[in-house]
Amino acid sequence: MKPSVAVSPKAVQITGGFWKAKQDTVARQVIPYQWKALNDEIPGAEPSHSVENFRIAAGQKKGEYLGMIFQDSDLGKWIEAAAFSLMRTRDPALEASIDELVEVIGKAQQPDGYLETYFSVKAPEKRWTDFAMGHEMYCGGHLIEGAVAYFEATGKRSFLDIMSRYADHLVATFGRGPGQRIAFDGHPEIELALYKLAAATGRNAYRELARFFVDERGRHPEVLDPTKIIAWPYKPDLWNDKDYYQDHLPVREQRTATGHSVRAMYLYTAMADQYRHDNDQTLLPALEALWENVVQSQMYVTGGLGSQATAERFTLDYDLPSDTSYTETCAAIGLVIWAWRMTLANPDSRYADVLERALYNGSLGGISLDGTRYFYVNPLEVVPSVAEYREDLKHVKTSRVEWFGCACCPPNIARTIASFSQYQYSASSDTVWVHQYAEGRAELPVNGGCVVLQQTTEYPWDGRVNFTLGQVPGGEWSLAVRIPDWCEAVHLAVNGSEVDTASRNKGYVMLHRSWKAGDVVELELEMKVQALRSHSRIRETFGKIAIQRGPLVWCAEEADNGPDLHQFLVTVEGARVEAVENLGPGARRLRLSAVRRLVEPSKTAYSTKRPQDTVTEVVLVPYHLWGNRGKGEMRVWLGTKFG
Ligand SMILES: [Zn+2]
């Protein structure tokens, strides 16, 4: 399969439906709210200190550095979110705030290009000493991503120039040449950012440096030296060993996803960038093996990753507990960005299917409907009284919160929503690929020209998608339409004539023809309410079912069903889809037949009595919408009478 190229988010406008509502919320609520949070102006929320640290580093304020060592990264992600939003609609007031902030960032930059406020303000003598947990290049990477997006949105160069000077400093400092250092960051991120910076500036040295960081990982045990960790007490243990950083083997020899799940996703994304941009085939066996390992045996049904809170990490294949899981919002987002690079390198619907699962469930679950409350940890089962008591559940928040002292997730989900349209399409010379469905208008390059494509749909609530072609380039070319893995029955018609969908090219129906303006493609993806069963080695969910309809995974909440959700045994037979008022525009809920099983009236823990079943119903809402109606129980995996 030929690789395809990304399309600028500027060329794809979301004009209605699910994603317009989300992007409007980001523009109107989330970006202003998060700006306040980063300026420590949210009463009662944990302060960020992020902007303050930059002002101190710039010499504009007196004070000491406060907050996590990687606080700069939150600002980079917020600017990126704002930039993607500005690609939809310019906003002079927002740009003025960012321009002023960019000036501060410029003043915080050291004369040699170095930029990181913790080390500039608090520990200048420790610069480039703690590669394991110092997060210096991790912060730089997020600032680069912000700078590239802001340049694309506005054409303003000053932030891009600041971050190019920073990258030049890295190019001078790190490498295999005389006087250079062999090192890499314990938290990957700089690598994928350098690929973006190389594309934005045309400077190949940035790409070469990214390759150097990826290639040297796992070859130099002295680089990520835990005795040099400065922001935490050094505590050697099993969970923070080399595999925590994916530094236990050279990347080409890695076959099993290990360690901190966000670090893993960002590293695999960089490996995919290298494979894609440089056609480095030597990375493919590792990428394919890691992909299969993650999605087959270490991924939650929500696309969440990381089944252990300690070290926020992967554990063992099929070890996927529902309640103690970590499943950080950033890890699901990391899976989205890795899946996207894999999609571009080799259009195959198995990547876009996982992207969709991780996006609509594990990622979107991290933000409230109004955009101002967040989850960092996204378990599949929460009982508030238990989660608030148990030591091994203390990482679980039972209600969404205003902000976190460690706030990597909120600006990460903001930039993900704001940039959703980048995941919809890609293009190769004679093919336009449709990967994700959302109402909007796109201008896409194909056959040496440009096609204007309009999607009309209520996706993900409804599986009907209409495409209308406006301007069309001459000659024959293909419209590649992804058929999602959850879809059992599909109808596809061009100008009213049914098309055979049985023949697919890696999950895509290829509509190859000479197109003309006004052509209409009608796609109908049957959205059945489906029962998913887990692999028989997953102990906690074996014998239960999770409900899926379309790309959404659903859950039961106390708000609809009362407490003790584990007592319900459900079936998808006769399931009904209903509109629901208070969960956003167009939202649906499901109503399932069920019995409530009780072993009573005995008060003792165990009984030989037969259980009593009462016929009832259970209402389910999309997993990503849970926790928007007050504190209460939530459960994805439900009991069923028939296993
Ligand atoms: Zn996070």
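Since we're looking at a predicted model, the values are computed, not measured.

### Quick word on the overall build of the chain
Line of reasoning, step 1. When you go through the chain residue by residue, the secondary structure sums to 16 helices and 20 strands.
Line of reasoning, step 2. Taking 643 residues into account, the globule formula puts the C-alpha radius of gyration at 26 Å, and the chain, at 25 Å, falls close to it.
Line of reasoning, step 3. Dimensions along the principal axes, computed over C-alpha positions, put the chain at roughly 75 × 70 × 50 Å.
Line of reasoning, step 4. Going through the 643 residues of the chain one by one, you find that 52% of them count as buried.
Line of reasoning, step 5. Long-range pairs, those at least 24 residues apart, make up 69% of the contacts in the chain with a sequence separation of at least 6.

### A few points about the domain arrangement of the chain
Line of reasoning, step 1. The domain boundaries assigned to the chain delineate domain 1 (246-423), domain 2 (425-525) and domain 3 (529-635).
Line of reasoning, step 2. Averaged C-alpha coordinates put domain 1 and domain 3 at centres separated by 25 Å.
Line of reasoning, step 3. Residue-level contacts link 22 residues of domain 1 with 23 residues of domain 3.
Line of reasoning, step 4. Secondary-structure elements contributing two or more residues to the side of domain 1 that touches domain 3 are α13 (349-363) and β3 (381-382).
Line of reasoning, step 5. When residues in the side of domain 1 that touches domain 3 are grouped by element, the largest group, four residues, is from α13.

### Focus: the sheet that holds strand β2 (residues 12-14)
Line of reasoning, step 1. Spatial strand order, β2-β6-β7-β8-β13-β10-β11: seven strands in an open sheet with antiparallel pairing. Where the open sheet ends on each side, the last strands, each with one partner, are β2 and β11 (497-498).

### Concerning helix α6 (residues 136-154)
Line of reasoning, step 1. Taking 1.5 Å per residue, 19 residues should reach 27 Å; α6 reaches 27 Å between its end C-alpha atoms and fits that length.
Line of reasoning, step 2. Across the 19 residues of α6, 17 count as buried, placing the element largely inside the fold.

### Thoughts on the pairing of strand β18 (residues 588-598)
Regular strands show a simple pattern: their side chains alternate between the two faces of the sheet.
Line of reasoning, step 1. The pairing of strand β17 (residues 568-579) with β18 spans eight bridges and is antiparallel. Residue pairing across strands places Val570 opposite Ala594, the latter belonging to β18.
Line of reasoning, step 2. Relative to strand β19 (residues 612-622), β18 is paired through nine bridges, and the arrangement is antiparallel. Within β19, the residue paired with Arg597 across the bridge is Asp613.

### Some thoughts on the packing of helix α8 (residues 190-201) against helix α9 (residues 204-216)
Line of reasoning, step 1. Look at α8 against α9: their axes get within 7 Å of each other, and the N-to-C directions meet at 160°. Taken together, α8 and α9 sit at an angle that is classed as roughly antiparallel. When the axes of α8 and α9 are compared, the crossing they make is left-handed. Contact with α8, carried on its side by Ile190, Glu191, Leu194, Tyr195, Leu197 and Ala198, involves Asn204, Tyr206, Arg207, Leu209, Ala210, Phe213 and Val214 of α9 and no other residues of that element.
Line of reasoning, step 2. Partitioning the contact of α8 with α9 into residue classes produces 10 nonpolar, one polar and two charged.

### Description of the sheet that holds strand β5 (residues 431-434)
Backbone hydrogen bonds are what pair the strands of a sheet, in a parallel or an antiparallel way.
Line of reasoning, step 1. Spatial strand order, β1-β4-β5-β9-β12: five strands in an open sheet with mixed pairing. Each having just a single partner strand, β1 (5-6) and β12 (508-514) make up the two edges of the open sheet.
Line of reasoning, step 2. Inspection of the sheet shows β5 paired to strand β9 (residues 476-482) by four bridges, in the parallel sense. The partner of Thr431 across the bridge, within β9, is Ser478.

### Here's the deal with the packing of helix α4 (residues 92-108) against helix α7 (residues 158-173)
Line of reasoning, step 1. Remark: α4 packs on α7, axes separated minimally by 10 Å, with the N-to-C direction vectors making an angle of 20°. Here α4 is positioned roughly parallel relative to α7, judged by the angle of their axes. In this structure, the crossing between α4 and α7 has a hand that is left-handed. Touching Val102, Ile105 and Gly106 of α4 are Ser158, Phe159 and Ile162, all from α7.
Line of reasoning, step 2. By residue class, the composition of the contact of α4 with α7 is four nonpolar, two polar and no charged.

### Structural notes on helix α1 (residues 17-38)
Line of reasoning, step 1. With 22 residues, α1 extends 30 Å from end C-alpha to end C-alpha; this agrees with the ideal 32 Å at 1.5 Å per step.
Line of reasoning, step 2. At Val26, α1 shows its maximal kink, close to 40°.
Line of reasoning, step 3. In the segment just after α1, Asp40 is the residue with positive phi, at about 60°.

### Side note on the pairing of strand β7 (residues 449-457)
Line of reasoning, step 1. As paired strands, strand β6 (residues 440-446) and β7 are joined by seven bridges and run antiparallel to one another. Along β7, the bridge assignment pairs Ala442 with Leu453.
Line of reasoning, step 2. The hairpin turn running from β6 into β7, its antiparallel successor, is two residues long, and Asn447 in that turn takes a positive phi close to 50°.
Line of reasoning, step 3. As paired strands, β7 and strand β8 (residues 464-469) are joined by five bridges and run antiparallel to one another. In the strand pairing of β8, Gln454 is matched with Thr468.
Line of reasoning, step 4. The antiparallel hairpin formed by β7 and β8 contains six residues in its connecting segment.

### Observations concerning unusual backbone geometry
Line of reasoning, step 1. Put simply, Tyr459 and Pro460 share a cis peptide bond, and its omega is 5°.
Line of reasoning, step 2. With respect to the helices, strands and loops of the structure, Pro460 is situated in the loop between β7 and β8.
Line of reasoning, step 3. Despite not being glycine, Gln246 shows a phi value in the positive range, around 55°.
Line of reasoning, step 4. Tracing the backbone shows Gln246 in the loop between α9 and α10 (261-278).
Line of reasoning, step 5. Even without glycine at this site, Asp564 takes up a positive phi of about 60°.
Line of reasoning, step 6. Looking at the element boundaries, Asp564 is found in the loop between α16 (558-561) and β17.
Line of reasoning, step 7. In this structure Asp564 comes out as partly exposed when scored by C-beta crowding, with 13 C-beta atoms within 10 Å.

Criteria and cut-off values
- Residues numbered from 1 in each chain as written.
- Predicted model: local features only at pLDDT ≥ 70, side-chain atom pairs only at ≥ 80, totals over all residues.
- Helix = DSSP H or I, 4+ residues; strand = E, 2+ residues; numbered from the N terminus.
- Rg over C-alpha atoms; globule rule 2.2 N^0.38 Å.
- Buried ≥ 20, exposed ≤ 12 C-beta atoms within 10 Å, placed from the backbone.
- Contact = placed C-beta atoms within 7 Å.
- Domains from an automatic or database assignment.
- Pairing = 2+ DSSP bridges.
- Expected span 1.5 Å × (residues − 1).
- Axes fitted to C-alpha atoms, helices over the stretch in contact; angles between N-to-C directions.
- Parallel < 35°, antiparallel > 145°, perpendicular 65-115°, else oblique.
- Left-handed = near helix turned anticlockwise from the far one by under 90°.
- Nonpolar A, V, L, I, M, F, W, Y, C, P; charged D, E, K, R; others polar.
- Bend = angle between axes of the 7 residues up to and from the residue.

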